[in-house]
2 protein chains.
Amino acid sequence: MTDTSLQSVLRLLQSSQLIEARIAGEFSCVHGISVNEMFLLMQLEQAPLQKLPRVELAKRLNTSASTVTRMAAPMEKLGLVSRQSDERDARLAFVVLTEAGATRVSEARTTFAKQAAYVFRDRWEPEEIKQLSELLGRLVAGTPGDLS
Amino acid sequence: MTDTSLQSVLRLLQSSQLIEARIAGEFSCVHGISVNEMFLLMQLEQAPLQKLPRVELAKRLNTSASTVTRMAAPMEKLGLVSRQSDERDARLAFVVLTEAGATRVSEARTTFAKQAAYVFRDRWEPEEIKQLSELLGRLVAGTPGDLS
DNA sequence: CCGAACTGCTTGCATCTGCAAGCTTAACTG
DNA sequence: CAGTTAAGCTTGCAGATGCAAGCAGTTCGG
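Described in the following lines is the structure provided in the data block. Predicted model only: the values in this text are computed from it and were never measured.

Calculation rules
- Residues numbered from 1 in each chain as written.
- Chains lettered and ligands numbered in written order.
- Predicted model: local features only at pLDDT ≥ 70, side-chain atom pairs only at ≥ 80, totals over all residues.
- Least-squares fit on C-alpha atoms with pLDDT ≥ 70 in both.
- Near = placed C-beta within 6 Å.
- Helix = DSSP H or I, 4+ residues; strand = E, 2+ residues; numbered from the N terminus.
- Nonpolar A, V, L, I, M, F, W, Y, C, P; charged D, E, K, R; others polar.
- Contact = placed C-beta atoms within 7 Å.
- Core = buried A, V, L, I, M, F, W, Y, C linked by C-beta atoms within 7 Å.
- Buried ≥ 20, exposed ≤ 12 C-beta atoms within 10 Å, placed from the backbone.
- Pairing = 2+ DSSP bridges.
- Axes fitted to C-alpha atoms, helices over the stretch in contact; angles between N-to-C directions.
- Expected span 1.5 Å × (residues − 1).

1. A short note on the relation of the copies chain A and chain B
Next, step 1: Taken as rigid bodies, chain A and chain B are interconverted by a rotation of 180° and an axial shift of 0.0 Å, the fit giving an RMSD of 0.0 Å. Taken together, the turn and the small shift mark the pair as related by a two-fold rotation axis.

2. Things to note about the protein's contact with DNA strand D
Next, step 1: Around DNA strand D sit 19 residues in total, of which Arg54, Val55, Ser66 and Thr69 of chain A together with Thr67 of chain B are the nearest.
Next, step 2: Elements supplying a minimum of two residues to the surface near DNA strand D: α3 (54-60) and α4 (65-77) of chain A together with α4 (65-77) of chain B.
Next, step 3: Among the elements that make up the surface near DNA strand D, the one with the highest residue count is α4 of chain B (four residues).
Next, step 4: A per-class count over the surface near DNA strand D returns seven nonpolar, seven polar and five charged.

3. Brief notes about the interface of chain A and chain B
Next, step 1: In this assembly, 42 residues from chain A lie in contact with 42 residues from chain B.
Next, step 2: For the side of chain A that touches chain B, the elements supplying multiple residues, two or more each, are α1 (4-31), α5 (99-119) and α6 (126-140) of chain A.
Next, step 3: Ranked by residues supplied to the side of chain A that touches chain B, first place goes to α1 of chain A with 18 residues.

4. Details of the protein's contact with DNA strand C
Next, step 1: Thr67 and Ala90 of chain A together with Arg54, Val55 and Ser66 of chain B are the nearest of the 19 residues found near DNA strand C.
Next, step 2: Contributing elements (two or more residues each) for the surface near DNA strand C: α4 of chain A together with α3 (54-60) and α4 of chain B.
Next, step 3: Per-element accounting of the surface near DNA strand C gives the leading share, four residues, to α4 of chain A.
Next, step 4: For the surface near DNA strand C, the per-class residue count stands at seven nonpolar, seven polar and five charged.

5. Comments concerning the nonpolar core
Next, step 1: Counting 68 residues, the largest nonpolar core has Met38 and Leu41 of chain A together with Met38 and Leu41 of chain B as its most contacted members.
Next, step 2: Every residue in contact with Met38 of chain B, bar those within four places of it in the chain, is listed here: Ile33, Val105, Ala108 and Phe112 of chain B.

6. Brief notes about the sheet that holds strand β2 (residues 81-85) of chain A
Residues and elements named next belong to chain A.
Next, step 1: Pairing is antiparallel across the open sheet formed by three strands, whose spatial order is β1-β3-β2. Two strands bound the open sheet, and with one partner strand each, they are β1 (51-53) and β2. Adjacent strand axes in the sheet meet at a mean angle of 30° when their direction is disregarded.
Next, step 2: With five bridges connecting them, β2 and strand β3 (residues 93-97) associate as antiparallel partners. By the bridge assignment, Gln84 is partnered in β3 with Phe94.
Next, step 3: Its contacts with the sheet place helix α2 (residues 35-46) against β1, β2 and β3, and it is angled at close to 95° to β3.
Next, step 4: Here α4 sits on the sheet and contacts β2 and β3; the angle it forms with β2, its principal contact strand, is near 115°.

7. Considerations on unusual backbone geometry
Residue and element names in this part refer to chain A.
Next, step 1: For Asn62, which is not glycine, the phi torsion reads 55° and is therefore positive.
Next, step 2: Among the structural elements, Asn62 can be located in the loop between α3 and α4.
Next, step 3: The phi torsion at Asp122 lies on the positive side, around 35°, for a residue other than glycine.
Next, step 4: Here Asp122 is to be found in the loop between α5 and α6.
Next, step 5: Judged by the 4 C-beta atoms lying within 10 Å of it, Asp122 is exposed.

8. Here we look at α1 of chain A
Next, step 1: Its 28 residues place the ends of α1 of chain A 39 Å apart at the C-alpha level, agreeing with the 40 Å of an ideal helix rising 1.5 Å per residue.
Next, step 2: Among the residues trailing α1 of chain A, Gly32 of chain A stands out with phi positive, at a value near 70°.

9. With respect to helix α5 (residues 99-119) of chain B
Next, step 1: For α5 of chain B, which comprises 21 residues, the first-to-last C-alpha distance of 30 Å matches the rise-based estimate of 30 Å (1.5 Å per residue) to within 8%.
Next, step 2: Where α5 of chain B is buried, its residues contact α1 of chain A together with α1 (4-31), α2 (35-46), β2 (81-85) and β3 (93-97) of chain B.

10. Some words on the sheet that holds β2 of chain B
Residue and element names in this part refer to chain B.
Next, step 1: Within the open sheet, the three strands sit side by side as β1-β3-β2. Their pairing is antiparallel. Because the sheet does not close on itself, it has two edges, and the strands there are β1 (51-53) and β2. Shown here is a sheet whose adjacent strand axes are inclined to one another by a mean of 30°, direction ignored.
Next, step 2: Those strands touched by α2 are β1, β2 and β3, and its axis lies near 90° from that of β3.

This is the structure we're talking about:
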């Protein structure tokens, strides 16, 4: 008799790997950015002023500050984000979404949505996808970086 | 108006990151192996003869052959798996689950199950967890490495 | 029987990531 | 006000991973 929670988490991690592997290659070829880079842009897009301090961004992406530093550098060269410091607190270095970044993330989301739809192609009723979305929503609810 | 498939996949990837981050540290401290190493052992455990060729193992773990080679090496030194070649086909190098490996994966699964249960602590009805498990089951169904 | 194509595995290289240490700046304490 | 502590960011180092190349062994076609 297998534990239900165990089975859920196993399947969750496994399906996540599966989907990412299926999506990642084509996605980055089309848009020149990785899925994680899109996530970064989406976090900025969602922020009130389209900008966030690096530490805050790290929390929302479930990653470390050093990773954010290293992700932002090449994206800055591409002009997708820019750097901005705070007048009050000279320690803060905001990552700011540029217009080019906003355009890019919009295009990327479209591609991503198509790939997501393909994951559920046939065999899935709209109602079931909605159900899955709501259940997963409870797992991410209340976390700092809740997209969607 | 957000697309439901998009939302589902976003939440799926995000919750996967979240859960892995929450679980990984304690897990590897307790058992001396990573979650991915446990997955490798579980694949062997599930195989008919508790052994698999490296390429097959790679497919089931959704990873590359080189990763399997590099994961197996240290685990062999720990005595959790051993290497065995095929009499008929000298190219094949099976990864074989040892008794020590079987013991370890059993212990690890127990810890993992506790951590999985903790993910759903309060706010989740057993029925909901089951529902989530079944929906995710449809995503992994038919894939070569379906655990659970 | 022999060469060509293929399969399974390993290894060099590049990339991504986290941790710990270090730097700069801010806040707190006596 | 000075010294200490803390916060934000970056960087050196180590570990994990994928791709492409290379090697060994098998299979297929003539």
